[in-house]
Amino acid sequence: MAAGWLRCAGQRCLWARLGPSLSVRHMVPMATTAKEEMFQFWEKNTKLNRPMSPHVSVYKWSLPMMMSITHRGTGVAMSLGISCFSLAALVLPEQFPYYLELVKSLSLGPVLIYSAKFALAFPLSYHTWNGIRHLVWDMGKGFKMLQVYQSGVLVLALTLLSSAGLAAM
């Protein structure tokens with residue numbers, strides 16, 4: 001009873017508020033379309049002999065730029081990895097211990113096992129340490145260029161050390 005009354009009252013309020021304002025007679029036509037604006041933009045730039053916008057290839061790659069790209073990449077990679085692992089856990093017929101024994105039965109060398117573990121630990125370590133760096137930035141600290149580069153090198157060093165430690169476990 002109360003839900004029906006609430007729904008009815010909500011609909012009346014919504015129609016009273018939005019009804020007349022959505023009529024066609026109150027709409028104002030746009031001056032130009034996006035296609036026309038884009039044509040005018042390129043025509044103006046051609047007349048003035050302006051070059052196209054700079055491409056990624058014209059920028060000098062820097063440590064903060066690479067770390068920003070890597071931070072996003074590791075986030076996407078971990079998200080995809082967890083999603084694929086979860087989907088596999090739902091779809092595959094056996095339990096996890098069966099597949100763990102299957103990998104053990106392949107008799108892979110310790111170097112390959114360590115490398116695989118390092119490859120799994122690196123994105124997690126990097127994303128964690130760089131996330132802490134971003135939290136420090138959120139507090140308003142470390143924005144001088146020297147500090148940005150120093151914190152970047154620190155993040156890379158901590159990433160390598162913690163990834164090596166996790167892989168050795």
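Please read all numbers here as calculations on a predicted model, not as lab measurements.

1. Looking at the overall build of the protein chain
Link 1 in the chain: Along the protein chain, the regular secondary structure elements total 6 helices and 0 strands.
Link 2 in the chain: Going residue by residue from the N terminus, the α and β elements of the protein chain occur as α-α-α-α-α-α.
Link 3 in the chain: In the protein chain, which comprises 169 residues, the proportion classed as buried is 11%.
Link 4 in the chain: When the accessible surface of the protein chain is totalled, it reaches about 14,200 Å², and 72% of it is carbon and sulfur.

2. What to know about the pattern of salt bridges
Link 1 in the chain: Applying the stated rule across the entire model yields 2 salt bridges.
Link 2 in the chain: Here K47 ties to E43 by a salt bridge, and the two come within 3.7 Å at their closest N and O atoms. With a gap of 4 residues between them, K47 and E43 both fall in helix α2 (residues 34–47), about one helical turn apart.
Link 3 in the chain: Between E101 and K104 there is a salt bridge, and its shortest N-O distance comes to 4.0 Å. Highlighted residues: E101 and K104, both in helix α4 (residues 96–105), separated by 3 residues, approximately one helical turn.
Link 4 in the chain: Owing to a relative accessible area of 49%, E101 belongs among the partly exposed residues under this scheme.

3. Some details on the packing of helix α5 (residues 110–138) against helix α6 (residues 145–168)
Link 1 in the chain: Where α5 meets α6, the closest approach of the two axes is 7 Å, and the angle between their N-to-C directions is 145 degrees. The interaxial crossing formed by α5 with α6 has right-handed handedness.
Link 2 in the chain: Across the contact of α5 with α6, the residue classes tally to 16 nonpolar, 7 polar and 2 charged.

4. As for the packing of aromatic side chains
Link 1 in the chain: Applying the stated rule across the entire model yields 6 aromatic pairs.
Link 2 in the chain: Summarising the aromatic geometry, the rings of F41 and W42 are spaced 5.1 Å apart at their centres and angled 75 degrees between planes, so their arrangement reads as edge-to-face.
Link 3 in the chain: You can call W42 partly exposed: its relative accessible area is 38%.
Link 4 in the chain: Note on F118 and F122: the rings are 6.2 Å apart at their centroids and 35 degrees apart in plane angle, and the pair reads as tilted. Of the two residues, F118 and F122 both sit in helix α5, 4 residues apart, roughly one turn of that helix.

5. Comments concerning the UniProt feature "transmembrane region" (unreviewed entry) in the protein chain
Link 1 in the chain: If you check UniProt for "transmembrane region" (unreviewed entry), the listed places come out as residues 75–93, 105–127 and 148–168 in our numbering.
Link 2 in the chain: Along residues 75–93 one finds 89% helix and 0% strand; the C-alpha atoms at either end are 29 Å apart.
Link 3 in the chain: A distance of 30 Å separates the end C-alpha atoms of residues 148–168, which is 100% helix and 0% strand.

The rules behind the values
The numbering scheme is per chain: residues are counted from 1 as the chain's sequence reads. Confidence filtering applies because this is a predicted model: local features only for residues at pLDDT of at least 70, side-chain atom pairs given and counted only at 80 or more, and all residues used for totals across whole chains, interfaces and linings. Side-chain numbers come from the whole structure's heavy atoms, not from hydrogens or water. Under the scheme used here, helices are H or I runs from DSSP no shorter than 4 residues and strands are E runs no shorter than 2 residues, and both carry numbers assigned from the N terminus. Only protein chains enter the area calculation, which uses a 1.4 Å probe; residues under 20% of their type maximum are buried, those over 50% are exposed, and those in between are partly exposed. In short, Shrake-Rupley with a 1.4 Å probe defines the accessible areas, and a residue's cover is counted only from the protein chains shown. Basic side-chain nitrogens of Lys or Arg form a salt bridge, by our definition, when they fall within 4 Å of a carboxyl oxygen of Asp or Glu. All axes are obtained by fitting lines to C-alpha atoms, using only the stretch in contact for helices, and the reported angles, taken between N-to-C directions, cover 0 to 180 degrees. Crossing chirality is assigned from the near helix's rotation relative to the far helix, an anticlockwise turn below a right angle marking it left-handed and a clockwise turn marking it right-handed. Gly is placed with the polar residues, together with every amino acid not listed as nonpolar (Ala, Val, Leu, Ile, Met, Phe, Trp, Tyr, Cys and Pro) or charged (Asp, Glu, Lys and Arg). Pairing of aromatic side chains here covers Phe, Tyr and the six-membered ring of Trp, requires ring centres within 6.5 Å, and sorts the geometry by plane angle: under 30 degrees stacked, over 60 edge-to-face, intermediate tilted. UniProt positions are given in the numbering used here, feature names are shortened, and annotations may be inferred rather than shown by experiment.

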